[in-house]
Amino acid sequence: MNSVLKNMNPSLKKLFYEGKNIEYECSRMKICCNNYENFFADNSFSDYFILVDKPSKADLTIKEVIFSSIEELKKFLYEKKFELSVEDLNQDGYMLKVHEHKREVSIGSTSKRGFFYAVQTLKKLINTKNKLFPIVEIIDFPSFKLRGVIEGFYGETWSHKNRVDIIKFCGENKMNVYWYAPKDDPYHREKWREPYPLEEKERIYDLIEVAKENYVDFVFCVSPGLSMKFGDEKEFSLLCNKYEEILSKGVTNVAILFDDIPQKLEHEEDDRMFNNNYGLAQAYVANKLYDFLKKKNSKARLYFCPTEYWQKDDSLYRKTIKENLHSDIVVIWTGDGVFSRKVSRKNADEISNQFGHKLILWDNYPVNDADEGKLFLAPLTNRENDLYKSIEGAMANPMNQPYASMIALQTISDYLWNSEAYNPWISWEKAILNIAGEDFSEELKLFSENFLKSRLFEGTSFRLKKLMKDYKDDPLNKNRELVSYLENLSRLEEKLSKIKVKKFYEDIEPWLTKLSELSKIAIKITTSPESEKVRLKNEGEIRIKEYENYSVCGDILDEFIREI
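Reference entry: report on the structure contained in this document.

The rules behind these values
Sequence order sets the numbering: in each chain, residues are counted from 1 along the sequence as written. In keeping with the model being predicted, local features are shown solely for residues with a pLDDT of at least 70 and side-chain atom pairs are shown and tallied solely at 80 or more, while totals for entire chains, interfaces and linings include all residues. Hydrogens and waters are ignored; side-chain quantities use all the structure's heavy atoms. The way it works is that DSSP assigns letters per residue, a run of H or I at least four long becomes a helix, a run of E at least two long becomes a strand, and they are numbered from the N terminus. Using C-alpha atoms as the atom set, the radius of gyration is obtained and then compared with a globule rule of 2.2 Å times the number of residues to the power 0.38. Throughout this description, buried means an accessible area under 20% of the type-specific maximum (1.4 Å probe, protein chains only), exposed means over 50%, and partly exposed covers the range between. Should any heavy atoms of two residues lie within 4.5 Å, those residues are counted as being in contact. Every accessible area reported is derived by Shrake-Rupley at a probe size of 1.4 Å, with residue values counting cover from the shown protein chains alone. Only four residue types enter the tally: Lys and Arg on the positive side, Asp and Glu on the negative side; His and the chain ends are excluded. Charge positions are represented by NZ for Lys, CZ for Arg, CG for Asp and CD for Glu. Helix span, as expected, comes to 1.5 Å for every residue beyond the first. Here the bend at each residue means the angle between axes fitted to two seven-residue stretches, the one ending at that residue and the one beginning there. In summary, the pairing rule links any two rings of Phe, Tyr or Trp, Trp by its six-membered ring, whose centres are within 6.5 Å, and it sorts them by plane angle into stacked for under 30 degrees, edge-to-face for over 60 and tilted for everything else. Cation placement over rings: the criterion is NZ of Lys or CZ of Arg within 6 Å of the ring centroid and within 35° of the ring normal.

To continue, consider the overall build of the protein chain. A count of helices and strands for the protein chain gives 18 helices and 15 strands. For the protein chain, the C-alpha radius of gyration of 26 Å lies close to 24 Å, the compact-globule estimate for 564 residues. By its C-alpha atoms, the protein chain is 80 × 75 × 45 Å across when sized along the principal axes. By the burial criterion, 57% of the 564 residues in the protein chain qualify as buried. Once local pairs closer than 6 in sequence are excluded, the contacts in the protein chain between residues at least 24 apart make up 76%. A total accessible area of about 24500 Å² is found for the protein chain, and carbon and sulfur atoms account for 46% of it. Positive and negative side-chain charges of the protein chain, numbering 85 and 93 respectively, have mean locations separated by a distance of 3 Å.

Here it is, written out as structure tokens:
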């Protein structure tokens, strides 16, 4: 049972567990939850729960309350004899207590989203292998207010199915925002003036509904900065039309993005109107948009991505934004660089002061659009554990491969929910186990340790590098250890084809194939007589060329084949 609690993702904030469990007999646990059955209706719960209509038929009865205030919740905790304190519980938080003798679970929250997160925890608490459910007391709440994913990369956009799956992934991992901002969606950027075609529009509407079902806020983004005439009323009207269609579907969070555009005004009339100050032009449009949104819905929120979204130093542009942008608009920031190796509170506070606004972090990891042919499978590292005290939240920009991104994204969800307890490498192992299952977690870990290197993390293939070095220093005595490791790598393609997340396998398949092929060739070269090595190295060169668009092991396996 301890392994179930240890592998919880995201990790729980507060937990009491004394080693006692409720046992059940069927392959799935029978639960009764008469008030909120819809929370258990999703197919993702069918492997864990069977809904029954009466407590007498159930292994476990859910007694749930959604409160209007924290004060009411505290009273409930007192009545239910909770031991854990509730001072830090926020809107997305929940409390959960299993009553051993009644075989009941008390769940309390101040929001339906908090109750939804409690249900995600319930699902993960079940030990399906041993048919046990732990008798626990939990109070759980997020570190960061906003936690999620931004589809904000260049290159081929995700399919509709990819997006649906990522939104569901966000809900399951207690992330509460999904930002729609694909750079190469023409209607997001180049053709921002044009409405989405009906078919595309309906897909977006479907995503909005999926997001609602999973308690994820859909954030709709437009990037008009490449061509917009900032002072033109017709242009502004077209921009408003773009957002209005989405607002009509209940979306209240939107963003206007001015990243990756020239740091100048493109039109003479704008130069005259804004005194050649592009920051002033952007603030003017954003403020007008903010007023428009608020008239449509008083709950609307606007986020602003500046053109200087990563630079360290203050500037005229940032002073202009500070002095002119509406104070309620949150500014987007990518940290100390486009790809930030470290993000600290000190840095966040400095940038927030420069802009004079609250910040949200657009974290460019594990995005690989600038590193085509590479996979980034390391955990999120070097984000200060109390960063939530200085920024509104963070969203991760994933790889073009949505399912392969899930290793890093699970570690990111763990960090965003419980940053003060976050350990990157423990979180990484949890993510691997969740994706591969117990049967193939060692294989996926072996694969992933050879794809750690990214713009955030320098190293990869540490074991392989050591074995190669030892072999070069002493080939007669160290050959067996290297060959054994390479043999394990060569078998990964066959084994990982059986992991439970099939789409993950499809995302990594080209890299798996190259890794397997090169490992087999390296084995042949290191175990064959000298007379065969030239032919084998030529064969290796053919394979390297065949898969040149895919980088494995930081390319050290390619180099090894050429050098030995």
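So, about unusual backbone geometry. Backbone geometry follows two general trends: most residues other than glycine have a negative phi, and most peptide bonds adopt the trans configuration. Cis geometry marks the peptide bond from N9 to P10; its omega dihedral reads -5°. Omega for the peptide link from Y365 to P366 comes to 10°, which places this bond in the cis form. Despite not being glycine, N382 has its phi angle at roughly 60°, a positive value. Of note, N382 is situated in the loop between β14 (359–363) and β15 (393–396). N382 sits in the partly exposed class, given a relative accessible area of 46%. Of note, C553 is a non-glycine position whose phi angle comes to about 55°, a positive value. With a relative accessible area of 0%, C553 lands in the buried category.

Let us look at helix α16 (residues 502–527). Taking 1.5 Å of rise per residue, the 26 residues of α16 would be expected to cover 38 Å, and the 35 Å separating its terminal C-alpha atoms lies within 8% of that figure. Of all bends in α16, the biggest is about 55°, found at I508, and the proline P510 comes one to four residues later.

In this section: the packing of aromatic side chains. According to the stated counting rule, one finds 23 aromatic pairs in the structure shown. Taking the centre distance of 5.5 Å and the plane angle of 45° together, the rings of Y187 and Y196 count as tilted. We classify Y196 as buried; its relative accessible area is 5%. Between Y415 and Y422, the aromatic rings sit 5.5 Å apart at their centres with planes inclined by 70°, giving edge-to-face as the arrangement. In this structure Y422 comes out as buried when scored by relative accessible area, which is 15%. Between the NZ or CZ atom of K288 and the centre of the ring of F236, over which it lies, the distance is 4.4 Å. In this structure, R455 is placed above the aromatic ring of F339, and the distance from its NZ or CZ to the ring centre is 4.6 Å.

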